[in-house]
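Structure assessment
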Amino acid sequence: LDRVGGSVQDNAFRFGPETYLSPEGELGDFLNHSCESNAKVVKEGERLFIVAVCDIPADTEVTIDYATIIASDDIWEMACSCGSVHCRRRIVSYSLLPADVQEEYIKEGMIPQYIIDISLSESEVV
């Protein structure tokens, strides 16, 4: 991924331990972050899907929490100004989210298993 650089590197979705997918030219061009998201990323086979986690009214932006697709070994973060009352002000990896948010996201099935697995294996190394 470091070899690619630019917008592809900045916007890639984690797909597995060593794999990223570029959403460029696809749904990812229209998907933004919110700390109070209304959708999640689901991996089925060799594909990623965006799935609503609540009813999304017409003319409402579809958002995911980028932290749900950033594993503990990803070195990426950015300032957040999503406007949510629950805005955390910083988008970081799943493993750096507050414990209550991690637990809620796992309970709601919002963290792809590969992100959990990577985060667990990273914590065992430390």
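Below or above, wherever it landed, is the structure these notes cover. (Residues numbered from 1 in each chain as written. Predicted model: local features only at pLDDT ≥ 70, side-chain atom pairs only at ≥ 80, totals over all residues. Heavy atoms only, no water.)

1. Examining the overall build of the chain
Our working rule: Under the DSSP-based scheme used, a helix requires at least four consecutive residues in state H or I and a strand at least two consecutive residues in state E, with every element numbered from the N terminus. Exposure classes here rest on a 1.4 Å probe applied to the protein chains alone. A residue is buried below 20% of its type maximum, exposed above 50%, and partly exposed in between. Every residue pair with non-hydrogen atoms within 4.5 Å of one another is taken to be in contact.
Within the chain, the secondary structure is distributed over three helices and eight strands. Ordered by position in the sequence, the α and β elements of the chain form the string α-β-β-β-β-β-β-β-β-α-α. Here the chain, with 126 residues, has 37% of them falling under the buried criterion. Long-range pairs, those at least 24 residues apart, make up 55% of the contacts in the chain with a sequence separation of at least 6.

2. Observations regarding the pairing of strand β4 (residues 39-44)
Filter applied, for reference: When DSSP locates at least two bridges between a pair of strands, those strands are taken to pair.
Bridging between β4 and strand β5 (residues 47-52) involves six bridges; their strand directions are antiparallel. When the sheet's bridge partners are listed, Val42 is paired in β5 with Phe49. Counted along the chain from β4 to the antiparallel partner β5, the turn is two residues long, and its residue Gly45 has a positive phi close to 60°.

3. Thoughts on the nonpolar core
Cut-off, in case you're wondering: Nonpolar core, defined: a set of buried Ala, Val, Leu, Ile, Met, Phe, Trp, Tyr and Cys residues in which side-chain atoms within 4.5 Å join the residues together.
Phe13, Val41, Ile64, Leu97, Tyr105, Ile111 and Ile115 are the most contacted members of the largest nonpolar core, which totals 24 residues. Only β4, α2 (99-107) and α3 (113-125) provide two or more residues apiece to this core.

4. Here we look at the pattern of salt bridges
This is how it is decided: We define a salt bridge as a contact between a side-chain nitrogen of Lys or Arg and a carboxyl oxygen of Asp or Glu at a distance within 4 Å.
Applying the stated rule across the entire model yields three salt bridges. We note a salt bridge from Glu77 to Arg90, for which the minimum N-O separation is 2.8 Å. Taken together, the residues Glu77 in the loop between β6 (63-64) and β7 (78-79) and Arg90 in strand β8 (residues 90-91) connect sequence positions 13 residues apart. The exposure class assigned to Glu77 is partly exposed, which follows from its relative accessible area of 43%. For Arg90, a relative accessible area of 36% puts it in the partly exposed group. Notably, a salt bridge pairs Glu104 with Lys107, separated by 3.8 Å at the nearest N-O pair. Separated by three residues within a single helix, Glu104 and Lys107 lie in helix α2, roughly one turn from each other. When its relative accessible area of 62% is taken as the criterion, Lys107 is described as exposed.

5. Looking at the packing of aromatic side chains
The test is simple: Under the pairing criterion, centres of Phe, Tyr and Trp rings, with the six-membered ring standing for Trp, must be within 6.5 Å; the plane angle then separates stacked pairs below 30 degrees from edge-to-face pairs above 60, leaving the rest tilted. By the criterion adopted, a ring carries a charge over it if an Arg CZ or a Lys NZ lies within 6 Å of its centre and within 35 degrees of its normal.
By the definition in use, this model includes one aromatic pair. Looking at Lys43, its charged tip hangs above the ring of Tyr114, at a distance of 5.2 Å from the centre.

6. Section: the side chain of Ser84
To keep it simple, the criterion reads: Two N or O atoms count as a polar contact when they lie within 3.5 Å, although within protein this holds only if one can serve as hydrogen donor and the other as acceptor, and sequence-adjacent residues are included solely when both atoms are side-chain atoms.
With respect to the secondary-structure elements, Ser84 resides in the loop between β7 and β8. On the accessibility criterion, Ser84 (14% relative accessible area) is buried. There is a polar contact of 2.9 Å between the side chain of Ser84 and the backbone nitrogen of His86. Beyond its immediate stretch of four places on either side in the chain, Ser84 contacts Ser34 and Glu36.

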